[in-house]
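Overview (structure and organization)
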Amino acid sequence: MGMASSWIDGAPVTTAGATHTVINPADGNAVAEYALAQPADVDRAVASARAALPGWAGATPAERSAVLAKLARLADEATSDLVAEEVSQTGKPVRLATEFDVPGSVDNIDFFAGAARHLEGKASAEYSPDHTSAIRREAVGVVATITPWNYPLQMAVWKVLPALAAGCSVVIKPAEITPLTTLTLARLASEAGLPPGVLNVVTGSGADVGSALAGHADVDMVTFTGSTPVGRRVMAAAAVHGHRTQLELGGKAPFVVFDDADLDAAIQGAVAGALINTGQDCTAATRAIVAQPLYDDFVAGVAELFDKVVVGDPQDPDTDLGPLITQAHRSKVAGMVSRAPQEGGRIVCGGVAPEGPGSFYRPTLIADVAESSEVWRDEIFGPVLTVRSFTDDDDAIRQANDTKFGLAGSAWTRDVYRAQRASREIHAGCVWINDHIPIISEMPHGGFGASGFGKDMSQYSLEEYLSIKHVMSDITGVAEKDWHRTVFTKR
Ligand code: NAD
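Everything quoted here is computed from the prediction, not taken from an experiment.

What follows deals with the sheet that holds strand β17 (residues 384-390). Spatial strand order, β15-β16-β17-β14-β13-β19-β20: seven strands in an open sheet with mixed pairing. With one partner strand each, in any of the chains shown, β15 (346-349) and β20 (430-433) form the two edges of the open sheet. With direction set aside, neighbouring strand axes in the sheet form an average angle of 25°. With three bridges connecting them, strand β16 (residues 364-367) and β17 associate as parallel partners. Residue pairing in the sheet places T364 in a bridge with V384 of β17.

In the structure shown here, the tally under the stated rule is four cavities of 30 Å³ or more. Estimates place the volume of the largest cavity at around 90 Å³. Every residue along the wall of the largest cavity is listed here: F100, Y151, Q154, M155, W158, D281, C282, T283, I437, I439 and H445. Counting residues per element, the lining of the largest cavity draws most heavily on helix α5 (residues 152-166), at three residues. For the lining of the largest cavity, the per-class residue count stands at seven nonpolar, three polar and one charged.

Further remarks concern the nonpolar core. Formed by 51 residues in total, the largest nonpolar core has its most connected members in I109, L164, V170, L194 and L199. Within the second largest apolar cluster, 27 residues are counted, among which are A270, Y295, A303 and A367.

This next bit is on the site of the ligand. Taken together, 29 residues form the shell around the ligand, and within it T147, S227, L249, E379 and H445 come nearest. One of the side-chain nitrogen or oxygen atoms of E176 is found 3.1 Å away from an oxygen atom of the ligand. For the ligand, the protein covers 89% of the area, taking 850 Å² as the surface of the free molecule. Spatially, the ligand is embedded in the largest pocket. Residue composition of the shell around the ligand, grouped by class: 13 nonpolar, 11 polar and five charged.

Once that is clear, we can look at helix α3 (residues 79-90). In an α-helix there are 3.6 residues to a turn, and that puts residues three or four apart on one side. With 12 residues, α3 ought to run about 16 Å at 1.5 Å a step, and its terminal C-alpha atoms sit 16 Å apart, in line with that. Listing the buried residues of α3 in full gives L82, V83, E86, V87, S88, Q89 and T90. Contacts from the buried residues of α3 go to β4 (19-23), β5 (30-35), α2 (61-77), α4 (94-115), α5 and α6 (180-191). Downstream of α3 by one or two residues, G91 has phi in the positive range, about 80°.

Let us look at helix α14 (residues 416-425). Within the sequence span of α14, burial applies to R418, A419 and A422. Buried residues of α14, viewed axially, fall in a sector of 100°; they line one side. In α14, those exposed residues whose orientation departs by more than 90 degrees from the buried face are V416, Y417 and R424. Residues of α14 that are buried sit in contact with α13 (393-401), β19 (408-412) and β20. N-cap assignment for α14: the residue whose side-chain oxygen lies 2.7 Å from the backbone N of Y417 is D415.

A positive phi is found at I437, a non-glycine position, where the angle reads about 120°. Inspection of the secondary structure assignment puts I437 in the loop between β20 and β21 (448-449). Taking the relative accessible area as the measure of exposure, I437 reaches 11% and is therefore buried. We note that M457 has phi near 60°; this positive angle belongs to a residue other than glycine. On the secondary structure map, M457 appears in the loop between β22 (452-453) and α15 (458-464).

About the criteria used
- Residues numbered from 1 in each chain as written.
- Predicted model: local features only at pLDDT ≥ 70, side-chain atom pairs only at ≥ 80, totals over all residues.
- Heavy atoms only, no water.
- Pairing = 2+ DSSP bridges.
- Helix = DSSP H or I, 4+ residues; strand = E, 2+ residues; numbered from the N terminus.
- Axes fitted to C-alpha atoms, helices over the stretch in contact; angles between N-to-C directions.
- 1 Å grid on protein atoms, 1.4 Å probe; cavity = no way out; pocket = protein on both sides within 12 Å on 5 of 7 lines; lining within 4 Å.
- Points joined across faces, edges and corners; volume = space filled by probe spheres on them.
- Nonpolar A, V, L, I, M, F, W, Y, C, P; charged D, E, K, R; others polar.
- Core = buried A, V, L, I, M, F, W, Y, C linked by side-chain atoms within 4.5 Å.
- Buried < 20%, exposed > 50% of the residue type's maximum accessible area, 1.4 Å probe, protein only.
- Near = heavy atom within 4 Å.
- Polar contact = N/O pair within 3.5 Å; in protein donor to acceptor, adjacent residues only side chain to side chain.
- Areas by Shrake-Rupley, 256 points an atom, 1.4 Å probe, with all protein chains shown as cover.
- Sits in = over half its atoms within 2 Å of the grid points.
- Expected span 1.5 Å × (residues − 1).
- Contact = heavy atoms within 4.5 Å.
- Arc of directions from axis to C-beta.

Here is the structure:
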């Protein structure tokens, strides 16, 4: 069961840190054991990325694209292995991993294989009569990336692929509890022809390896996906060196149901939007804000479907909802739910942790919550939907925006003016109309406020990893230039 813990300079590496056991949260059994990396391994990985940078950044876009396109093919061919690893280390239902995590990641790799050849900038031209100006896009350099456990492969791909497409080299630290698919991604990239050192993986804990990487003097950029408090620590560590950062942090997405909405669509959308990945999704629907006339029917409809959700073995294709990631995380979710009634919340269904070794938790609906309550304001990151009503459209938008987060939100209405207003006024990086959750490689993902800044996916994400250089060339050939008079006159 012992395995290489890191991937440095194009090869698997067994590091010397303490042994870590990857646990399957569905049954508590060990999935793999490996030695954690240590800060010295971060130094080696960063040195390897630094050495590999000139070659990769100097390759033509077509050469980079060819390697990434091959990686997409290899990842597609490795689908069953990637699904098996993702399901065993996270407990996510096999249907989700097969239909969402892995094909979504393959598509994202494929997208960046194409995007590598589409660098954009202003036209090269004579913006001054005496000069030709041109824009160059250059790789930022060595990128340090830190990722969470909820979608290990997708989160790695969202960060690593635009960086590679841009010509950067990368050192990535996955969450120590879910390293498997990130290591497989590095192996597949190597098989696809990625030169040694261009993509390195160090698997270690956040406190030592994560902080060593975030604060490393010899990286050029730090990108992070994870919780808001850790993201801020990462930003502070990078700021010591003035390094560029990009942060994808927590969320608390509003789900606004206006009184003209298709109620059935809203109910089904709320169930799927709240329960995806057992609610361990930064964009999950968490705060339903429902027009008074629809409120009781919405609550009853969601509760009816929540009760029918099949919770159980993630390997079974009939399973809808897998376990939470760890026993500790389940205790956190259960604690928040159990405190909700003290703040006026009514637990309509769920709030139950089934017996057994897995860290399962039933879909939970909490109605009538107070705006000040913990379950309404803080990220729960579990299969829990909270509900409040609103009085008029102004109140709906106010409640939607009454959060420090701003990652995503949705509005449910058949009124085109309401839809336009919601898309304009909901303060979040993504607003869905009559849907909640879908993402697409061509369009950006990323938040406002406490949800971070910068984009994953799309051409916008590629730009995060590129520096813009202006090259201005004299085209007159004269020694005594007109503008010199503003500084000195030749006497
Ligand atoms: P986390 O912040 O606890 O950990 C994220 C990563 O940071 C892990 O690899 C961890 O080991 C590392 N880390 C921990 N302490 C560190 C430190 N001091 N220095 C450097 N690295 C450190 O988050 P999590 O529990 O793994 O993931 C859940 C969180 O991620 C939720 O808040 C969720 O909303 C967020 N998330 C956001 C997005 C997005 O796109 N905005 C996507 C997925 C998850």
